[in-house]
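These are the residues of each chain, in order.
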Amino acid sequence: MVRWAALTLLVAASLLVVLVELDVGLAQASERDELFGDDLFGDEMLVIDEDSQADHATLLIAPGSLDLGGRFGLDWEWTHADADSLVSRQGASAVGSTRLYADWRPSAATRLFVQGDLELEYPDDGHLKGRLLEWFVDWNASQKVFFRTGKQTVRWGVGYFFSPADVISVGRLDPEEPEALREGPIALRVHYPQRHWDFHLFTLWDEADDGVRLAVAPRLTFVTGRTEWGLGAFYRPDRVPRAMLTLSSTIAGTVAVFGEAVVAAGTDRRYAVVGEDGRLRAESREDLQLQASVGFRVNRRDPDRLFTIGAAGQYFYNGEGYKDASVLGHPAFPLLLLSGELAPADLSQPGRHYGALSLQWSELLRTRFSATSLWLGNLDDASGQVTAQISHRGWNDIRPYAGVSWYYGDDMAEFGFSSTQWVAGLRYSVTF
Amino acid sequence: MRNTICLRAAVVLGMLLVLGGGLQSAAGAEDFAHIETILREVDTRSTFGDGDFAALLTVITEDPEKGVEQTVVRQFRRDREDQFAMLIQEPRVQRGQGYLMDGENLWFYDPSSRQFSHTSLKETFQDSDARNSDFTAWSYAEDYEITEYTEGQLGVNSVYIVLLAALHDEVTYPYLKLWVTQENALILKVEEYSLTQRLMRTALFPSYARVGDSVIPRQMVFVDELAEGQRTQIAFSEMSVQPIPDYVFTRAYLEQVNR
């Protein structure tokens, strides 16, 4: 019943959006004819006096406004993977998803915001899944100090594929979807902005089995020339303290570059080690740990628009990884996981050196096709994945796409256990 | 004897040519000074010296492939501090995106990931034919040198047609050709060329507004000369020189007004 109600809601929303878009399109076509007349300079130039009294700044934060919106998407996908693949979904599937938000401003200084996702998948269990992404209240003191309290997305670092400096987000940065909204913590954020610097102070709540854990994380960002620097720290009594440095800048005004470095007094991970007696056991590290990363992003378009290219690359030194990850292949290793001495999170990014590179070629040779590719690799165990996808601009918000993901490396390597996977599908997406 | 006469005639002719050329150069330099004065006037009038400026911009992009797209932007400028903020109001899919420029730094804010990222004035604005630099004050006299000019006509307007070459590589286009009205020093048309002198874009400014002490285009049309049928029109409305609070030029404001 709930399923049908959700589907009806989704279909009604999409119909409404199509009608609104049709109306806007006709209005725009009429406006275009008026605007792009050929005889632009037929009359003598007149300078018209204008002086609107509009208060643009406060108009945008007018009290009493309520904004509801979101986006709706439907994906039909066919997946094929080799028989020994660990890919959970094979064959045809369909996923309907909706992101909804409500933004209410009871006064000019106060704002309430809620955002969440609904998802329905076939042939999965067919249950409607819900997820609250953000709920927070904003207020400020005379537009000088800004407060946000509640569950909120936080961008703490500057990395694109990897962000070791971002120790406060709940959701992990997924290199395959680096621009996706990540789940944030429940926190009180105090923001004091100045022209050339910003100060943020986060107080974070984390509910554990034995009660609420508090953490504090201050951060100062400042600008020198064309470079923005960030200095931050993170402290929670039951975690190792961390200090971090970030920078972002541009080279020749066209290439964006960024870097992060994090120093931790130990690590929250536990590691599998082979003792002197030859037995495998789990232990912690308390020595100084360093993580660092550098990367770039660039967008270029040739004069003829045949090559509209976007590229991003990043190297990540993960000091918290294994110097020799061959221990993960020890016959007794699964026992450490089963006994709970190691948690699955302890196995995340086990290597010390990682790289990622993405290339995006939009409107290939001025056609309606676009191509994207991503390489993601563990440089220690020489494993990785290469993903390539081609998509068509489509018709009426429906986009066909097809792609392949190829994994390489030894069976025991980080990416080596997966095998080639093919996908093809149709994606319908609309914002309302 | 004949040789001597010929030699003298050649010397006299040479001197005349040199003198004539010198006179022409002197006249040219004088005229360049006149055009330079006009360009300085254009730059000064496009700047909101000690005041602030805010407006609502309607950007209509016409693309034979993608059709017509409309973007509505609220712009805030504080030229004396080299600052601007732009907030996208429409379409809904981009609502809440914003740009914040402070001196040499330009950030783009994306509410869907809640991230600020460094970008460049040379980048195109929202995939249109406009560049981010089109939303700042003009600085033709500072960024370019005059290489040549003639007088001409554009529509019913008598104009100077001025060729400019960039003095540094910070500008978006290294060569420009300007049509400036002789009567009131308004730029009506600009052709923008690449390093190889290829025409890349034509900008048209068919109407102007006087806002406070400044004179700025009310309407701008950018024609992509490499993609047939592709052009962008920007119309300004609700132009105001009311003081803008300092907090508008902060990241906090961009976050505050987004969805």
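Being a predicted model, the structure only gives us computed values, none of them experimental.

Each value, and the rule that gives it
Residues numbered from 1 in each chain as written. Chains lettered and ligands numbered in written order. Predicted model: local features only at pLDDT ≥ 70, side-chain atom pairs only at ≥ 80, totals over all residues. Helix = DSSP H or I, 4+ residues; strand = E, 2+ residues; numbered from the N terminus. Buried ≥ 20, exposed ≤ 12 C-beta atoms within 10 Å, placed from the backbone. Contact = placed C-beta atoms within 7 Å. Pairing = 2+ DSSP bridges. Core = buried A, V, L, I, M, F, W, Y, C linked by C-beta atoms within 7 Å. pLDDT = per-residue confidence, 0-100.

Observations concerning the overall build of chain A
Consideration 1: Assigned secondary structure in chain A consists of 3 helices and 21 strands.
Consideration 2: In chain A, which comprises 432 residues, the proportion classed as buried is 23%.
Consideration 3: Put simply, of all contacts in chain A between residues at least 6 apart along the chain, 52% involve residues at least 24 apart.

Quick notes on the overall build of chain B
Consideration 1: Along its length, chain B carries 3 helices and 13 strands.
Consideration 2: Here chain B holds 259 residues, and the buried ones make up 41% of them.
Consideration 3: Pairs at least 24 apart in sequence give 45% of the contacts found in chain B among residues at least 6 apart.

Concerning the interface of chain A and chain B
Consideration 1: Between chain A and chain B, the contact holds 58 residues from the first and 63 residues from the second.
Consideration 2: Broken down by secondary-structure element, the contributors of at least two residues to the side of chain A that touches chain B are helix H1 (2–35), strand S1 (47–49), helix H2 (56–59), strand S2 (66–81), strand S3 (91–107), strand S7 (186–193) and strand S11 (242–251) of chain A.
Consideration 3: In terms of residue count, H1(A) provides more of the side of chain A that touches chain B than any other element does, 5 residues in total.
Consideration 4: Bridge count between S1(A) and strand S11 (residues 199–211) of chain B: 3 bridges; the pairing is parallel. Each bridged residue has a counterpart across the sheet, and for A:Asp49 the counterpart in S11(B) is B:Arg210.

Considering unusual backbone geometry
Glycine aside, the phi torsion of most residues is negative, and most peptide linkages are trans.
Consideration 1: For the bond running from B:Glu90 to B:Pro91, omega is 0 degrees, close enough to zero to count as cis.
Consideration 2: Here B:Pro91 shows up in the loop between strand S3 (83–90) and strand S4 (98–102).
Consideration 3: Phi is positive for A:Gln143, which is not a glycine, with a value near 55 degrees.
Consideration 4: Locating A:Gln143 in the fold gives a position in the loop between strand S5 (129–141) and strand S6 (145–151).
Consideration 5: For A:Gln143, a count of 20 C-beta atoms within 10 Å gives the class buried.
Consideration 6: One non-glycine residue with positive phi stands out, namely B:Gln197, at about 65 degrees.

Structural notes on the nonpolar core
Consideration 1: Judged by nonpolar contacts, the single largest core of 69 residues is most densely connected at B:Ala85, B:Leu100, B:Leu164, B:Leu178, B:Val180 and B:Ile187.
Consideration 2: The residues contacting B:Leu100, other than those within four sequence positions of it, are B:Ala85, B:Trp107, B:Tyr109, B:Phe249, B:Arg251 and B:Leu254.
Consideration 3: Core analysis: the next-biggest nonpolar cluster, separate from the first, contains 15 residues, A:Val154, A:Leu204, A:Ala215 and A:Met244 among them.

Details of the confidence of the model for chain B
All names here are of chain B.
Consideration 1: With 85% of its residues at a pLDDT of 70 or more, chain B shows a mean pLDDT of 83.
Consideration 2: Segment residues 1–7: pLDDT under 50, and 0 contacts once partners within four positions in sequence are set aside and those in other chains are kept.
Consideration 3: Between residues 9–28, whose pLDDT stays under 50, and residues either more than four places distant or in other chains, the model counts 0 contacts.
Consideration 4: Interface scoring of the predicted complex returns ipTM 0.78; its pTM is 0.81.

Description of the confidence of the model for chain A
Residue and element names in this part refer to chain A.
Consideration 1: Model confidence for chain A is summarised by a mean pLDDT of 85, while 88% of its residues fall at 70 or above.
Consideration 2: Every residue in residues 1–7 is under pLDDT 50, and counting partners more than four places away or in other chains gives 7 contacts.
Consideration 3: In this model, residues 9–38 is a region of pLDDT below 50 whose contacts with residues beyond four sequence positions or in other chains number 23 contacts.

A short note on the pairing of strand S8 (residues 157–166) of chain B
Residues and elements named next belong to chain B.
Consideration 1: Here strand S7 (residues 144–154) runs beside S8; their pairing, made up of 10 bridges, is antiparallel. Note on S8: the bridge partner recorded for Glu 151 is Tyr 160.
Consideration 2: The turn joining S7 and S8, which pair antiparallel and follow one another in sequence, is formed by 2 residues; a positive phi near 65 degrees is taken by Gly 155.
Consideration 3: As judged from the 7 bridges shared by S8 and strand S9 (residues 175–181), these two strands associate in the antiparallel manner. Bridging across to S9, Val 159 finds its partner in Thr 181.

Quick look at the environment of A:Thr221
Residue and element names in this part refer to chain A.
Consideration 1: Locating Thr 221 in the fold gives a position in strand S9 (residues 211–224).
Consideration 2: On the basis of neighbour counts, which here come to 21 C-beta atoms within 10 Å, the residue Thr 221 falls in the buried class.
Consideration 3: Among all residues touching Thr 221, those that are not within four sequence positions of it are Trp 197, Asp 198, Glu 228, Trp 229 and Gly 230.

Things to note about the environment of A:Leu133
Residue and element names in this part refer to chain A.
Consideration 1: With respect to the helices and strands, Leu 133 occurs in strand S5.
Consideration 2: Separated by 48 residues in sequence, Leu 133 and Leu 181 have C-alpha atoms that sit 8.6 Å apart.
Consideration 3: Not counting chain neighbours up to four residues away, the residues in contact with Leu 133 comprise Gln 115, Gly 116, Asp 117, Leu 181 and Glu 183.

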